[in-house]
Amino acid sequence: METLVDDVLRAEARRFRLRFGCEHCAHHEVDRGRCAEGFPNDAHRDVHLEATTRVVFCKSFELA
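The following paragraphs examine the structure supplied in this document. Every value quoted in this text rests on a predicted model; they were computed, and no experiment measured them.

## What about the pattern of salt bridges?
Within this structure, the stated rule accounts for five salt bridges. Taking the shortest distance from any N to any O, the salt bridge between Asp7 and Arg10 comes out at 3.1 Å. Pair noted here: Asp7 and Arg10 are both in helix H1 (residues 7-16), with a separation of three residues, about one helical turn. The class for Arg10 is buried, based on a relative accessible area of 12%.

## Details of the layout of surface pockets
By volume, the largest pocket is sized at about 240 Å³. Along the wall of the largest pocket there are 14 residues; nearest its centre are Leu18, Arg19, Phe20, His24 and Val47.

## Looking at H1
Of the positions making up H1, those classed as buried are Leu9, Arg10 and Ala13. Across the axial projection of H1, the buried residues extend over an arc of 100 degrees, all falling on one side. Along H1, the residues that are exposed and aim more than 90 degrees away from the buried face are Asp7, Val8 and Arg15. Those residues of H1 that are buried lie in contact with strand E1 (2-4). Between the side-chain oxygen of the N-cap and the backbone nitrogen of Val8 there are 3.2 Å, and the N-cap of H1 in question is Asp6.

## A word on empty space enclosed by the protein
This model, assessed by the stated rule, comprises one cavity of 30 Å³ or more. In this structure, the largest cavity spans a volume of roughly 100 Å³. Cys22, Cys25, His27, Cys35 and Cys58 are the residues nearest the centre of the largest cavity, which is lined by 15 residues in total. Class assignment of the residues belonging to the lining of the largest cavity gives a composition of eight nonpolar, six polar and one charged.

About the cut-offs
- Residues numbered from 1 in each chain as written.
- Predicted model: local features only at pLDDT ≥ 70, side-chain atom pairs only at ≥ 80, totals over all residues.
- Heavy atoms only, no water.
- Salt bridge = Lys/Arg side-chain N within 4 Å of Asp/Glu carboxyl O.
- Helix = DSSP H or I, 4+ residues; strand = E, 2+ residues; numbered from the N terminus.
- Buried < 20%, exposed > 50% of the residue type's maximum accessible area, 1.4 Å probe, protein only.
- 1 Å grid on protein atoms, 1.4 Å probe; cavity = no way out; pocket = protein on both sides within 12 Å on 5 of 7 lines; lining within 4 Å.
- Points joined across faces, edges and corners; volume = space filled by probe spheres on them.
- Arc of directions from axis to C-beta.
- Contact = heavy atoms within 4.5 Å.
- Polar contact = N/O pair within 3.5 Å; in protein donor to acceptor, adjacent residues only side chain to side chain.
- Nonpolar A, V, L, I, M, F, W, Y, C, P; charged D, E, K, R; others polar.

Below is the structure:
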């Protein structure tokens, strides 16, 4: 799911310490840099909200 990033989302992400990238997901294989469930993850890795206008959420994200 793709979501536009605006100042409101940036502020809420900071305030609530929102996590949504592969680096914070239980399915992320750190050693291999890939998703254990086989989903493509380029759009979900190393996302910096301050430097982007959109974020792509993974349907299988599970906070680790």
